[in-house]
Amino acid sequence: MATAVVQEDLVEYGFRRVIITITAVLCALLEIVDTTIVNVALNNMRGSLGASLTDVAWVITAYAIANVIVIPMTSWLSQQFGRRNYFAASIIIFTVASFMCGNADNIWELVVFRFIQGLGGGALLVTAQTIITESYPVEKRGMAQAIYGMGVIVGPTLGPPLGGYLVDHFSWPYIFYINVPIGIVATLLTLSFVRSPKYGEKLKSNQVDWIGIVLLSAFIGSLQYVLEHGQQDDWFNDEWIVRLSVLSVVGLFFFIWRQLTYAYPIVNLKVLKDSNLRVGVVMSFIMGFGLYGSTFIIPIYTQSILGWTATDAGLLLVPSSITVAVMMPFIGKLIQRGVPQTYLVAMGFLSFFIFTYWMHNIMTPDTGEEHMFWPLIVRGLGLGLLFVPITTLSLSGLKGKSIGEGAAFTGMMRQLGGSFGIAIITTFLTRFGQEHRVNLIGYLDPTRVAVQEKISGLQNAFMAKGYSAEIALQKAYKVLELGVTKQSTVLSYMDVFLYLGVLFLFCIPFILLIKKGKNKVNPSEAMH
């Protein structure tokens, strides 16, 4: 009874609820935008810090590793320190680390501060979700998830154009400095307006599962490194990749054993006994795969094949994000009115299949922006239909403290899904590109009349510009080679989109495995 009173006390109204909602969404946006904003600045960082491409990749890797380590522990850390204090401290760590990233003098200094930034940022995602949902009464919880979802799904898209603009008009440190004023305001608002529920007893230092923390860090940190660096290091042909893969598997085994046998686990694995959460965790993984995978592949295609600038490539995704933002409130209302989430999720997966199949069909070496507009709108529809229903479905069979723990699992799996997606897409692009190149070269038989005419035409064109016959011939072959490389790369992008679509289509039957949960989930019960 006392717990119910505390939960009811956390519901906010009027001005206070607006401020808390803005604060939480702002913090979730800060964290997610920072996962993608650095992508467009890596070349500038390399130049000014004198780093190699492999070294500068650690700027992304360090942040991602810190994120996935801290997300599963957020429920436990909130209980230890009180949610408001933990949330405010996370914002302060994130903000200070952002400032230090901008001031870094060398690449490894930047990597260390990015790791610290990731430790602060990882907590913002799941804790922001719980704060928002607890601030709304039960009948408006679907809308609360929709508001949070806008930040989570729009965030990855905002990073590249914002980063491109700041790098083009200022310099790369400003992609970090922009966090500082927002972080200061968010900290003050959190301390002034956010409240903490009453928790059980805080654990003493000798009760804390330090071994569990080390095992979690070893398992998930190693896995994230393998995913980030697998393709560039040639996967299991690299000694470090093999070692860290073994460490990850061993760490996972002992981490699971430790959490199931220790009296005070940092991650409550028993919550996964709920069948809805198990299916929801898999769906969150696949949604992360599609969300971060498509956010990664489209800018690379437009920049490397179509020759667009980083800013233009980022801006291409904005209509898709606006579609998501428009969709979210409507999805929230549909769930409030009792529309089964399974139908919405199935429609979301189907929409994503249509988007990927459409992209597969329109890809050429000179596809225009107008060709990609409507497929990307369909992508926005799909993501809008997936996020809120998957989240509410995952938590629909849970009660009390278990809801916060379930939310941490779905958040972690969404992030890991993105990491797996980017790693697999990168590998497939390289491997498929090599296969298509070999196949296309087979068609360039010098004995064929069409090939001879093409080479002769190119040679004559170069000779007309003043080159000798020998150099003109070399240049003709070079043009043909570049054409083959470009075509093989486009074909590999087409393959990746097709396989992404099949993955989403394959998920639709499994939606039927989910039991019908109550539509209006009460995440305020989450002692998170």
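From a predicted model like this one, the values you see are computed outputs, not experimental measurements.

What counts, and at which threshold
Residues numbered from 1 in each chain as written. Predicted model: local features only at pLDDT ≥ 70, side-chain atom pairs only at ≥ 80, totals over all residues. Heavy atoms only, no water. 1 Å grid on protein atoms, 1.4 Å probe; cavity = no way out; pocket = protein on both sides within 12 Å on 5 of 7 lines; lining within 4 Å. Points joined across faces, edges and corners; volume = space filled by probe spheres on them. Nonpolar A, V, L, I, M, F, W, Y, C, P; charged D, E, K, R; others polar. pLDDT = per-residue confidence, 0-100. Contact = heavy atoms within 4.5 Å. Salt bridge = Lys/Arg side-chain N within 4 Å of Asp/Glu carboxyl O. Helix = DSSP H or I, 4+ residues; strand = E, 2+ residues; numbered from the N terminus. Buried < 20%, exposed > 50% of the residue type's maximum accessible area, 1.4 Å probe, protein only. Patch = residues over 30% accessible without salt bridge, like charges linked within 9 Å, V, L, I, M, F, W, Y side chains within 5 Å. Areas by Shrake-Rupley, 256 points an atom, 1.4 Å probe, with all protein chains shown as cover. Phe/Tyr/Trp six-rings, centres within 6.5 Å; stacked < 30°, edge-to-face > 60°. Lys NZ or Arg CZ within 6 Å of the ring centre and 35° of its normal.

Asker: Is there a simple way to explain the layout of surface pockets in this structure?
Answerer: Over the atoms rolls a probe the size of a water molecule, and in doing so it shows where empty space is left. The computed volume of the second largest pocket comes to approximately 360 Å³. Along the wall of the second largest pocket there are 18 residues; nearest its centre are Val-70, Met-73, Trp-76, Leu-77 and Tyr-86. Partitioning the lining of the second largest pocket into residue classes produces 14 nonpolar, four polar and no charged.

Asker: How do you make sense of the confidence of the model for the protein chain when you look at a structure like this?
Answerer: Detail in the predicted coordinates should be disregarded across regions flagged by low pLDDT. For the protein chain, mean pLDDT is 78; residues scoring 70 or higher make up 88% of the total. Below pLDDT 50 for its whole length, residues 517-528 participates in 56 contacts with residues either more than four positions away or in separate chains.

Asker: Would you mind showing me how to read the pattern of salt bridges here?
Answerer: Taken as a whole and assessed by the stated rule, the structure comprises two salt bridges. For the salt bridge of Asp-34 with Arg-114, the shortest nitrogen-to-oxygen distance reads 3.6 Å. Highlighted residues: Asp-34 in helix α2 (residues 14-36) and Arg-114 in helix α7 (residues 107-134), separated in sequence by 80 residues. Residues Asp-34 and Arg-114 agree in their burial class; the two are buried. A salt bridge links Arg-243 to Glu-239; the shortest N-O distance between them is 2.3 Å. One end of the pair is Arg-243 and the other is Glu-239, both in helix α12 (residues 239-261) and four residues apart, which spans about a single turn. Arg-243 sits in the partly exposed class, given a relative accessible area of 47%.

Asker: Could you clarify how one ought to interpret a nonpolar patch on the surface in this entry?
Answerer: Taken together, the side chains of Phe-236, Val-242, Val-246, Val-250, Phe-253, Phe-254 and Trp-257 make up a nonpolar region of the molecular surface, amounting to roughly 700 Å² of accessible area. Examined against the element boundaries, Phe-254 turns out to sit in helix α12. Look at Phe-254 and you get partly exposed, because its relative accessible area is 38%.

Asker: Explanation requested: the packing of aromatic side chains in the structure shown.
Answerer: Aromatic rings in a pair are described by how distant their centres are and how their planes are angled relative to each other. The full count for this structure, using the stated rule, is 14 aromatic pairs. Note on Tyr-174 and Tyr-177: the rings are 5.5 Å apart at their centroids and 90° apart in plane angle, and the pair reads as edge-to-face. Of the two residues, Tyr-174 and Tyr-177 both sit in helix α9 (residues 174-177), three residues apart, roughly one turn of that helix. Judged by its relative accessible area of 40%, Tyr-174 falls in the partly exposed class. When the centroid spacing of 5.9 Å and the interplanar angle of 20° are considered together, the rings of Phe-353 and Tyr-357 count as stacked. Placement of the pair is Phe-353 and Tyr-357 together in helix α16 (residues 341-362), with a separation of four residues, close to one helical turn. Overall, Tyr-357 belongs to the partly exposed group, its relative accessible area being 39%. These aromatic residues form a ring-pair network of at least three members: Phe-349, Phe-352, Phe-355, Phe-497 and Phe-504. Taking NZ or CZ as reference, Arg-114 lies 4.1 Å from the ring centre of Tyr-63, over its face. One Lys or Arg, Arg-243, reaches over the ring of Trp-240 and ends 5.5 Å from the middle of that ring.

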